[in-house]
Amino acid sequence: MAVLPPNVSAENFASAVRELAGAIGDDWVFTSEEDVALYRDPYSLMRDTERESLASAAVAPSSVEEVQQVVRIANKYKTPLYPISTGKNYAYGGASANLSGSVIVDLKRMNRVLKVDDERNFALVEPGVSYFDLYRYIQERGLKVWIDCADVTWGGLVGNALDRGMGYTMPFYRDHANAACGVEVVLANGEVMRTGMGALPNADTWQEYKHGFGPDPSGLFPQGNFGIVTKMGFRLMPQPEHYRTGLIRVPKRRDLIQAIKIVNYLSDSHMIGEVFYESPLRALLGDAGFRAAVNRRGGADEAELDRYAADNGLSSWQVELQFYGPEATCLANWEYAKERFAREIPGAAFVEGESLKVPLTEEQLLNPTTSFRNGLWHRKVSQGIPEMSAWSLVGTRSPQNPEGQTVAHAGFFPVIPRSGEAVFKAQQVFGDAFAELGLPPFNSALSTPLVWAIFAYQMTFPLPDDNERLHRALVRLVNVAAENGWGDYRTPPFHQDHVSDTYSFGNHALRRFNETLKDAIDPNGILAPGRGGVWPSNYRQFRYEWGDEA
Amino acid sequence: MITRREVIGSGLAVSMLARTSVASVSSADSQANWLPVPYFVADERFGAAHEASHAAAGSGAAIMTFPGDVTALYESLDLAWRSARFAVSGMTTTAALFVLERLAWERGLRTAYRGVHRPTSEGSMRHELAGSSELLRRLAGEHDSHWASRVGRELAWWSPAKASGGEATLLSQMLPCAHRATLVSWLLTPKDDRARTARK
């Protein structure tokens, strides 16, 4: 056994493992090096260093009752636990814990779809249910509801929502934590609690009204460590009758400001699904002069970029829109969008996309010429269908594949305001920061926000040999963002303390509140210590164990 | 109504049963210790993977091709391995192997062999192989431009017997008109310890 939990003797840990095996079965307690290695983060910047987080063991309970027993044993031996659903949270730590030596609670065996209702439009699932599992369940029964899928869908709905993942359909559904409705958790003392209407015995509305009565603690569990979620409800989008896409191009750089205002209106009025912004000027990146122009320190010269656009007959920006609903409504919303853009942005141009009856046929889904497959984000997931194709975009690394690809998942996702002015400012601030840090120009005057549902601005890094340098660079970027009022929304364990530190209003009142709650609810600090930057008092000395150099 | 996905899943099971009746092992030695690998996976974008799959098919393996998007393959193997653990080999990119080996681990299998096939700046291929010493010995024969065929042929069989592991580095000629991409050949086999088929 390579790693022990902090402050737990080998003898006590061996006793804990024996009791865990007695509670959930020998086959479901993993202590061999080969088994425990499965829970390492293949993308950790700390990989193979003494700072890498390693599990001491893993357990795989199959029921709520077994989870309760695991928690009680962990309390007895003061052994930290780290629950995962399917463990596919790659880019954000995978299955690895904030605190090295934790016992991973692997919930993949709890994989029952408990209910799907396509008249009241919800699902209730266990944490081991993957997007593929739920999709199969729905298809086999011919139910008329869609899933809002994550990017790579081998993971689970519960885990994705608990890390505040996002999807691609309509606004109400694609913020997965917000779409959750009703949570069951095993608390640190072993009790089972249900939130919202689930707290009312005999209520049949658990997945329809999330708040119930009084304070609603359900928001404490995403990116938190206040309980082990054993059931979660989700609001599901009714299967739309029709799907339409359209592309809008605008000629000048500053047209992005008005374009974003219009798209905000369309989105917040629930007229469109996820959008995809892009700059057609990317076609000019082979030109060294143009590259220099878009990477200029201090920000781009707008007149110069407008000249490049005009001289090459290109638009400065484009945005793809998706419409879901009755055919007539999709068409009316598209016509409205065109009318707004034509009226408010001189020179706006429109490209008709697809207009298809839902569900799409296999041939339509596989047709590479359909416009909804042209954009990076317009893949099967925009039709509520799980897929893995995005995996080829992000590369891999693992013990079995040390070669990997040259791109890894060290992402940075600051939340910026939904305005063109903010996009331009972020382009300049991060462009300058990358240059000062000696990193490649991941950001340029052509960079666009990734998603608007949570207003994130994505940058993904290649994996240089010097992981320590990249780690410090990321910490610096977190601070640069915070100086401008932009905060990271989601990050792997090795940056969570740094990000948490930037949410410092009122002398860290939010963190102090969370940690006061943590100590009251989990006095032994056994549940995911450090997750979300929330450390229980008995492990607080491990804050910044990853290094606090900026 | 039977969906396309169910047909794919059923097809896997039927083919696997049929394959167990295939007789010969390519190597004369230790025949009793070698079992057929029912499926060989090939990324259809690469000529070397095509060549390897043809050789594997010649040894009786059923071929599963995919166009780089691993979704359908993942779903098929996920469903099939839930019912029964069986060995699968292939030649793909490292990205696809990452996905498949994660799935394999969850279904009670392990990566028993891995070969990285990397084009060199001198126009040859460098093969870095890691696996059982017996398999490496079989792979380390004559290495000409048809190295992919040898890999496909030998990965149509696997041995559940305990074997010492080893590593080998070889050089060969490039395939004619070969895509200059690094590929990986691999063999996923059931773990020989406690059954973990339900682990998912």
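Note that the coordinates shown come from a computational prediction; the quantities given were computed from them, not determined experimentally.

What to know about the overall build of chain A
The secondary structure content of chain A amounts to 17 helices and 19 strands. Relative to its length of 550 residues, chain A is compact, with a C-alpha radius of gyration of 24 Å against a globular reference of 24 Å. Along the first, second and third principal axes, the C-alpha atoms of chain A reach 75 × 55 × 45 Å. Relative to its 550 residues, chain A shows a buried fraction of 61%. Long-range contacts, defined here as pairs at least 24 residues apart, represent 72% of the contacts in chain A between residues at least 6 apart. Here chain A has roughly 21000 Å² of accessible surface; of this, 51% comes from carbon and sulfur atoms. Counting 53 positive and 67 negative side-chain charges, chain A places the centres of these two groups 3 Å from one another.

Structural notes on the pattern of salt bridges
Residues and elements named next belong to chain A. The tally for this structure, following the rule as stated, stands at 45 salt bridges over all chains. A salt bridge links Arg-112 to Glu-126; the shortest N-O distance between them is 2.7 Å. Placement of Arg-112 in the loop between β4 (103-106) and β5 (113-117) and of Glu-126 in the loop between β6 (122-125) and α4 (131-141) is noted, with a sequence separation of 14 residues between them. Looking at Arg-112, the relative accessible area reads 47%, which means it is partly exposed. Looking at Glu-126, the relative accessible area reads 2%, which means it is buried. Lys-518 is the salt-bridge partner of Asp-522, the closest N and O atoms lying 2.7 Å from each other.

Observations concerning the sheet that holds β5(A)
Residues and elements named next belong to chain A. Reading across the sheet, the five strands line up as β5-β6-β10-β8-β9 and stay open at both edges, with antiparallel pairing between neighbours. Looking along the sheet, the strands with just one partner apiece sit at the ends: β5 and β9 (192-194). Across the sheet, the axes of successive neighbouring strands diverge by a mean angle of 10 degrees, strand direction being ignored. In the sheet, strand β8 (residues 180-186) pairs with β9 via three bridges, with the strands oriented antiparallel. Counted as the bridge partner of Glu-184 is Arg-194 from β9. Across the sheet, α4 touches β5 and β6, and the angle it forms with β5 is around 50 degrees.

Considering the side chain of Ser315(A)
The residue Ser315(A) is located in the loop between α10 (302-311) and β14 (317-325) in this model. Those residues in contact with Ser315(A) that sit more than four places away from it in its chain are Arg249(A), Val250(A), Pro251(A), Pro280(A) and Leu281(A).

Here we look at the confidence of the model for chain A
Confidence in the prediction of chain A, expressed as mean pLDDT, is 90, and 90% of residues score 70 or more. Across residues 393-407 of chain A, confidence stays below pLDDT 50; counting only partners more than four residues off in sequence or on other chains, it has 51 contacts.

Considering the sheet that holds strand β3 (residues 81-84) of chain A
Residues and elements named next belong to chain A. Across the sheet, which stays open at both edges, the four strands sit in the order β1-β2-β4-β3 with mixed pairing between neighbours. Edge strands, defined here as strands with exactly one partner in the open sheet, are β1 (29-30) and β3. Summarising the sheet, β3 and β4 pair through four bridges and their orientation is parallel. Bridging across to β4, Ile-84 finds its partner in Asp-106.

Reading guide: rules and limits
Positions within a chain are numbered from 1, following the residues in the order the chain's sequence is written. A letter from A marks each chain and a number from 1 marks each ligand, given out in the order of writing. Reporting in this predicted model follows two pLDDT cut-offs: at least 70 for local features of residues, and 80 or more for side-chain atom pairs to be given and counted; totals over whole chains, interfaces and linings ignore these cut-offs and use all residues. No hydrogens and no water enter the side-chain calculation; it runs on all heavy atoms of the structure. Put simply, DSSP H or I for four residues or longer makes a helix, DSSP E for two residues or longer makes a strand, and each gets a number counted from the N terminus. For a compact globule the rule gives 2.2 Å times the number of residues to the power 0.38, and the radius of gyration it is set against comes from C-alpha atoms. The buried label applies to any residue whose accessible area, calculated with a 1.4 Å probe on protein chains only, is under 20% of its type's maximum; exposed applies above 50%, and partly exposed to all values in between. Contacts are assigned to residue pairs that have any heavy atoms within 4.5 Å of one another. Surface accessibility in these figures is a Shrake-Rupley result with a 1.4 Å probe; residues are shielded only by whichever protein chains are displayed. His is not counted, nor are the chain ends; Lys and Arg add positive charge and Asp and Glu add negative charge. Where a charge sits is defined by one atom per residue type, namely NZ (Lys), CZ (Arg), CG (Asp) or CD (Glu). Each salt bridge in this description consists of a side-chain nitrogen of Lys or Arg and a carboxyl oxygen of Asp or Glu lying within 4 Å of one another. For two strands to pair, DSSP has to find at least two bridges joining them. Every angle, taken between N-to-C directions, lies between 0 and 180 degrees, and every axis is a line fitted to C-alpha atoms, over only the stretch in contact when it is a helix. pLDDT is a residue-level measure of predictor confidence that goes from 0 to 100.

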